[in-house]
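An overview of the molecular structure
The lines below spell out each chain.
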Amino acid sequence: MIRQGFPIGQDDWYCEVLYDVRQNDLREVYYTLLDSGCPDYMAQKACMVLSSKNKGYTFTNLHTRHSVMFISATTSAEQMYDSIQHETKHTVEHISDFFDVDPKSEESAYLQGEIARLMFPAAAIVICPVCRHKG
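Residues numbered from 1 in each chain as written. Predicted model: local features only at pLDDT ≥ 70, side-chain atom pairs only at ≥ 80, totals over all residues. Heavy atoms only, no water.

Considerations on the packing of helix H1 (residues 26-35) against helix H2 (residues 40-50)
The condition is simple: Note on method: axes are straight lines fitted to C-alpha atoms, helices fitted across the in-contact stretch only, with angles between N-to-C directions ranging 0 to 180 degrees. Each helix is a run of DSSP H or I of at least 4 residues and each strand a run of E of at least 2, with the numbering of both proceeding from the N terminus. Note on terminology: angles under 35 degrees are roughly parallel, angles over 145 are roughly antiparallel, angles of 65 to 115 are roughly perpendicular, and the others are oblique. Whether a crossing is left-handed or right-handed is set by the direction in which the near helix is turned from the far one by less than a right angle, anticlockwise for left-handed and clockwise for right-handed. Whether two residues are in contact is decided by their heavy atoms: any pair within 4.5 Å suffices. Charged means Asp, Glu, Lys or Arg here, nonpolar means Ala, Val, Leu, Ile, Met, Phe, Trp, Tyr, Cys or Pro, and polar covers whatever is left, Gly included.
Relative orientation of the contacting elements H1 and H2 amounts to 150°, with a least axis distance of 9 Å. Put simply, H1 runs roughly antiparallel to H2. By crossing handedness, the relation of H1 to H2 is classed as right-handed. Seen from H1, the contacting residues are Leu26, Val29, Tyr30, Leu33 and Leu34; seen from H2, they are Asp40, Ala43, Gln44, Ala46, Cys47 and Leu50. The residue makeup of the contact of H1 with H2, split by class, is nine nonpolar, one polar and one charged.

Quick look at the sheet that holds strand S4 (residues 66-72)
Hydrogen bonds between backbone atoms are what pair the strands of a sheet, whose relative direction is either parallel or antiparallel. Basically, it comes down to this: Strand pairing follows a simple DSSP-based rule, namely that at least 2 bridges must link the two strands.
With respect to topology, four strands assemble into an open sheet ordered S1-S2-S4-S3, the strand pairing being mixed. Every interior strand has two partners, whereas the edge strands, strand S1 (2-8) and strand S3 (56-61), have only one. Within this sheet the neighbouring strands show an average axis-to-axis angle of 15°, counted without direction. Of the pairings in the sheet, the one linking strand S2 (residues 13-21) to S4 comprises six bridges and is parallel in character. Along S4, the bridge assignment pairs Val17 with Met69.

As for the pattern of salt bridges
The condition that has to hold: Salt bridges are defined by distance alone: a side-chain nitrogen of Lys or Arg within 4 Å of a carboxyl oxygen of Asp or Glu. Think of it in three bands: residues with accessible area under 20% of the maximum for their type are buried, residues over 50% are exposed, and the middle band is partly exposed, with areas taken using a 1.4 Å probe on protein chains only.
Going through the model one piece at a time under the given rule, you end up with four salt bridges. Glu28 serves as the salt-bridge partner of Arg3, at 2.9 Å between the closest nitrogen and oxygen. Of this pair, Arg3 sits in strand S1 while Glu28 sits in helix H1, and the two are 25 residues apart along the sequence. Owing to a relative accessible area of 38%, Arg3 belongs among the partly exposed residues under this scheme. The exposure class of Glu28 is partly exposed, given its relative accessible area of 36%. With a closest N to O distance of 3.1 Å, Arg22 and Asp20 form a salt bridge. Among the charged side chains, a salt-bridge network with shared partners connects Arg3, Glu16 and Glu28.

A short note on the layout of surface pockets
Picture a little ball the size of a water molecule; that probe, rolled over the atoms, points out where space is still empty. Filter applied, for reference: Here a cavity means grid points, on a 1 Å grid over the protein atoms only, where a 1.4 Å probe fits yet cannot get out; a pocket means an open set of points with protein on both sides within 12 Å along at least five of seven lines; lining residues are those with an atom within 4 Å of a point. Grid points are joined across faces, edges and corners, and a volume is the space filled by probe spheres set on the points.
Computed from the structure, the largest pocket encloses a volume of approximately 220 Å³. Around the largest pocket, the lining residues are Ile8, Gly9, Asp11, Trp13, Ile95, Ser96, Phe99, Val101, Glu107, Tyr110, Leu111 and Glu114. Sorting the residues of the lining of the largest pocket by element identifies helix H3 (77-98) and helix H4 (106-127) as the ones contributing at least two each. Sort the elements by how many residues they give to the lining of the largest pocket and H4 lands first, with four residues.

Next comes the structure, spelled out in structure tokens:
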């Protein structure tokens, strides 16, 4: 599993991403969610979802402006890319809703691009077919 964290914009928003989550990572996932303010029942549900391949889960605590994305292990690089895009979309929606930004606006599109750029260093490792199988 790879863990990445980064601030978004100048609005004191923080995002964490856990990539390539596997069965033996679920305890860490559970406690990461609880530490983020996620209710216990939702953290348990997230762990059940993430126990399968090709799954993802995003939790956002609007009060603390903190989003956490989880991407499970996947069956291919293409599926990993798909899951990353999917969970990023949820994060953009959560942030856009909080700031009352139209999801069809340029502002929302720029936010998506900013998050993609910030995710790139870690995402590239899990998407690259060669890098994925090195360990």
